[in-house]
Amino acid sequence: MGEGIFIQVELSDTAREDAELAKKLEDACPVDIFTAADGRTEIVSENLDECVLCELCLEASPPGAVRVVKLYDGGAALER
Ligand code: SF4
């Protein structure tokens, strides 16, 4: 880990505590970056490097809920 991390995924506070959204994100991400735990959305940090920037998480969530930040690209973010 450490130097291998190029992606950061951020959740809004509301997204974090939305059990329904947690399930959707868990299903949407092809590389399992989200997990639904006790009705909350958790980020699986050991999978962050697998992010393929597919934006499926953004499509599955309301505007502002999820940001995918490209740490190698001046912090450019995918968001909606
Ligand atoms: S952009 Fe795709 S791979 Fe990356 S966290 Fe979202 S759903 Fe997962």
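Residues numbered from 1 in each chain as written. Predicted model: local features only at pLDDT ≥ 70, side-chain atom pairs only at ≥ 80, totals over all residues. Heavy atoms only, no water.

## Observations regarding the pattern of salt bridges
Right, on to step 1. Under the defined criterion, the tally for this structure stands at six salt bridges.
Right, on to step 2. The closest approach of N and O atoms between Glu-17 and Arg-40, which form a salt bridge, is 3.6 Å. Placement of Glu-17 in the loop between α1 (13–16) and α2 (19–28) and of Arg-40 in strand β3 (residues 40–43) is noted, with a sequence separation of 23 residues between them.
Right, on to step 3. By relative accessible area, Glu-17 is classed as exposed at 57%.
Right, on to step 4. Taking the shortest distance from any N to any O, the salt bridge between Asp-73 and Lys-70 comes out at 3.8 Å.
Right, on to step 5. Among the residues examined, Asp-73 registers a relative accessible area of 41% and is labelled partly exposed.
Right, on to step 6. A relative accessible area of 16% places Lys-70 in the buried class.
Right, on to step 7. By sharing partners, the salt bridges in this structure join Glu-10, Arg-67 and Glu-79 into a single network. (Salt bridge = Lys/Arg side-chain N within 4 Å of Asp/Glu carboxyl O. Helix = DSSP H or I, 4+ residues; strand = E, 2+ residues; numbered from the N terminus. Buried < 20%, exposed > 50% of the residue type's maximum accessible area, 1.4 Å probe, protein only.)

## Regarding the nonpolar core
Right, on to step 1. With 16 residues, the main nonpolar core has Val-9, Leu-25, Phe-34, Cys-57, Val-66 and Val-68 as its most contacted residues.
Right, on to step 2. The element best represented in this core is strand β1 (residues 7–11), accounting for three residues.
Right, on to step 3. Residues within four places of Val-68 in sequence aside, it is in contact with Ile-7, Gln-8, Val-9, Cys-51, Leu-53, Cys-57, Ala-76, Ala-77 and Leu-78. (Core = buried A, V, L, I, M, F, W, Y, C linked by side-chain atoms within 4.5 Å. Contact = heavy atoms within 4.5 Å.)

## Points about the site of the ligand
Right, on to step 1. Within the structure, the ligand sits among Cys-29, Pro-30, Val-31, Ile-33, Phe-34, Cys-51, Val-52, Leu-53, Cys-54, Glu-55 and Cys-57.
Right, on to step 2. In this structure the site holding the ligand corresponds to the largest cavity.
Right, on to step 3. By residue class, the composition of the shell around the ligand is ten nonpolar, no polar and one charged. (Near = heavy atom within 4 Å. 1 Å grid on protein atoms, 1.4 Å probe; cavity = no way out; pocket = protein on both sides within 12 Å on 5 of 7 lines; lining within 4 Å. Sits in = over half its atoms within 2 Å of the grid points. Nonpolar A, V, L, I, M, F, W, Y, C, P; charged D, E, K, R; others polar.)

## Focus: α2
Right, on to step 1. Taken together, the buried positions of α2 are Leu-21, Ala-22, Leu-25 and Ala-28. Viewed end-on, α2 has its buried residues packed into an arc of 135°, placing them on one side of the element. Those residues of α2 that are exposed and angled more than 90 degrees off the buried face are Glu-20 and Asp-27.
Right, on to step 2. The secondary structure elements touched by the buried residues of α2 are β1, α1, β2 (34–37), β3, α3 (56–59) and β4 (66–70).
Right, on to step 3. Of the residues that open α2, the one with a side-chain oxygen 3.0 Å from the backbone nitrogen of Glu-20 is Asp-18. (Arc of directions from axis to C-beta. Polar contact = N/O pair within 3.5 Å; in protein donor to acceptor, adjacent residues only side chain to side chain.)

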